[in-house]
Amino acid sequence: MTDFDLIISQGTIATASDIFKADVGIKDGRITAIAEGLDGAVRIIDADGKFVLPGGVEAHCHIEQESGMGIMAADDYKSGSISAVFGGNTTIIPFAAQHRGQSLREVIELYHDRAAPKAVIDYAFHLIISDANEQVLGQELPALIKAGYTSFKVFLTYPLLKLEDRDVLNILAIARENGALTMVHAENDDIIRWLSDRLMANGNVAPKYHAMSHARIAESEASNRAIQLARLLDTPLLIVHVSSEEAAKVIRRAQDDGLKVFAETCPQYLFLTADDIDKDGMEGAKFCCSPPPRNAADQEAMWRGLSNGTFQVFHSDHAPYRFDETGKLNAGPNAPFKKLANGVPGIELRMPLLFSEGVGKGRISLNEFVALTSTNAAKIYGLHPRKGTIAVGSDADIAVWNPDREITVTHDILHDNVGYTPYEGMLLKGWPEKVISRGRVAVEDGKLGVEPGSGNFLERSPGYDFIRPKGDLPLEIDPEHNFGAKILLDDRFS
Ligand code: DUC
Ligand code: ZN
Ligand code: ZN
């Protein structure tokens, strides 16, 4: 009899709060001991000189999802989850996206059918709500929250996804009542459409005009508006893919005022700028995403926000489209910027990029790296402590990092189905050499050790319990403004 299926020995373990040297003992997919000098295992992995970190929780990625324009992502649950695990991730939370006219139940079934036979690691779903009708608001959404789908995204832009502010208020009210988290794509639709219409009318159709049409003001205005809507209902909000210094300031101010506003930024806002979208011909289309990459000052502001706590989470927003007629160029080889598929890949490089350029260059600590890429997402999205940490009782989801391994990024070394990477040619230091998913050696020596269909669906609890609003709206904070909301909430829910 052995005590453990696997021991990871002699490594330097880092969690969001501690760094220490110890062995990790794993039995039946869970961590059952953390101590010095463990022995008695079927297999021992020597991690001397390596970092033993929680596997990444990648909570913003688009896998096997049709975009608002109806274009299917290049990665399905097989290639998407394989690419994720090679990048050090052990959990993904992609979107189950409702298109208008679909019931949420139907959407959830569809995404389960897509994920179950193919995922190699564990997964959950955020909902995207684009049709906030009575059935969705009154029945489906509350029932799905109770069934473990405890977060959803709403859009303030894109004609086929955009919700009116009153719909967002309805959704925030349901989130508050049922203990769920609302995520928001915060860009002002009218500003973007007004600018795009004029650019297009004047023949300015090249990819670079995408960046011009998604003005910073569109992002900061919508961020502020979403925050005020959440403030009215005293309900947490998470603003995804923050790109600009101005939007980060809006968020920081709200946090300083005591509001429960979480925020995310992504690799494209640290390592790309609008100049990348201004490459020759259609090449810039490879870098088009929304919001767009900005400039060097905005990049610095994103780094500041990662280290000063404005951003709690760092995700890839992997939105994979090939540079051909199936993806980016679906509307033709010279399509105007309005018709380009929107998004960049990054699921496999998210953690190596942040490790190399963040931890390696002294911009963030190793603990902050763990918090930003794993622990905070697990907490915010209701998976902690099962996921997101190294602790007795947690799932044995672990990445063994070689901090000295140097890699030059080329698309050849990646496992997605996109055909290019925006980070081609970057020299990175630090790499997840072995990845353990529920005790299974999922990646080793550059090879996959787990089967499609072996990832489990994760039912989630309300994620932010530790700061969840309690009882009635806090009239003492803002009696005049919240009074109306209190009446509405009481009418609706009492
Ligand atoms: N928003 C996302 O979150 N991802 C891709 C495109 C978009 O607008
Ligand atoms: Zn978005
Ligand atoms: Zn996204």
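Located above this text is the structure these notes cover.
Attention in this report is confined to the structure presented alongside it.

What counts and how
Residues numbered from 1 in each chain as written. Chains lettered and ligands numbered in written order. Predicted model: local features only at pLDDT ≥ 70, side-chain atom pairs only at ≥ 80, totals over all residues. Heavy atoms only, no water. Donors = N, O, S within 2.8 Å, 3.2 Å for Na, K, Ca; no water. Helix = DSSP H or I, 4+ residues; strand = E, 2+ residues; numbered from the N terminus. Salt bridge = Lys/Arg side-chain N within 4 Å of Asp/Glu carboxyl O. Buried < 20%, exposed > 50% of the residue type's maximum accessible area, 1.4 Å probe, protein only. Near = heavy atom within 4 Å. Polar contact = N/O pair within 3.5 Å; in protein donor to acceptor, adjacent residues only side chain to side chain. Areas by Shrake-Rupley, 256 points an atom, 1.4 Å probe, with all protein chains shown as cover. Phe/Tyr/Trp six-rings, centres within 6.5 Å; stacked < 30°, edge-to-face > 60°. Pairing = 2+ DSSP bridges.

### A closer look at the coordination of the zinc ion (ligand 2)
Part 1 of the argument: Looking at the zinc ion (ligand 2), one finds its protein donor set to be K153 (NZ), H185 (ND1) and H241 (NE2), positioned 2.1 to 2.2 Å from the metal centre.
Part 2 of the argument: Spacing between the donor residues of the zinc ion (ligand 2) along the chain follows K-x31-H-x55-H.
Part 3 of the argument: In this structure, the zinc ion (ligand 2) is positioned 4.4 Å from the zinc ion (ligand 3). Taken together, the positions of H185 in strand β11 (residues 181-185) and H241 in the loop between β12 (237-239) and α8 (245-256) put the pair 56 residues apart, joining distant regions of the chain.

### What to know about the pattern of salt bridges
Part 1 of the argument: Applying the stated rule across the entire model yields 29 salt bridges.
Part 2 of the argument: Here R386 and D395 are joined by a salt bridge, their closest N and O atoms 3.0 Å apart.
Part 3 of the argument: Among the residues examined, R386 registers a relative accessible area of 36% and is labelled partly exposed.
Part 4 of the argument: For D395, a relative accessible area of 6% puts it in the buried group.
Part 5 of the argument: The closest approach of N and O atoms between K387 and D395, which form a salt bridge, is 2.8 Å. Both residues of the pair, K387 and D395, belong to the buried class.
Part 6 of the argument: Here the residues in one salt-bridge network are D122, R386, K387, D395, D397 and R438, joined through shared partners.

### Observations regarding the site of ligand 1
Part 1 of the argument: Residues in close proximity to ligand 1 include H60, H62, K153, Y158, H185, H241, S290, D317, A319 and N342, which together make up its full environment.
Part 2 of the argument: Between ligand 1 and H241 there is a distance of 3.2 Å, counted from an oxygen atom to a side-chain nitrogen or oxygen.
Part 3 of the argument: In this structure, a nitrogen atom belonging to ligand 1 sits 2.8 Å away from a side-chain N or O atom of D317.
Part 4 of the argument: Against a free-state accessible area of 240 Å², the protein chains account for coverage of 93% of ligand 1.

### As for the packing of aromatic side chains
Part 1 of the argument: Taken as a whole, this structure holds 14 aromatic pairs when the rule is applied.
Part 2 of the argument: With a centroid separation of 4.8 Å and an interplanar angle of 20°, the aromatic rings of F355 and W401 are classed as stacked. Of this pair, F355 sits in helix α12 (residues 350-359) while W401 sits in strand β15 (residues 398-408); the two residues are 46 residues apart in sequence, bridging distant segments of the chain.
Part 3 of the argument: F355 sits in the buried class, given a relative accessible area of 3%.
Part 4 of the argument: Clustering of aromatic rings is evident, with ring pairs tying together Y77, Y111, Y123, F125, Y149 and F457.

### Things to note about the pairing of strand β3 (residues 30-35)
Part 1 of the argument: Taken together, the five bridges between strand β2 (residues 19-27) and β3 define a ladder with antiparallel strand orientation. Bridging across to β3, D23 finds its partner in A35.
Part 2 of the argument: Where β2 folds back on β3, the antiparallel hairpin that results is connected by two residues, among which D28 adopts a positive phi of roughly 50°.

These figures capture arrangement, not role.
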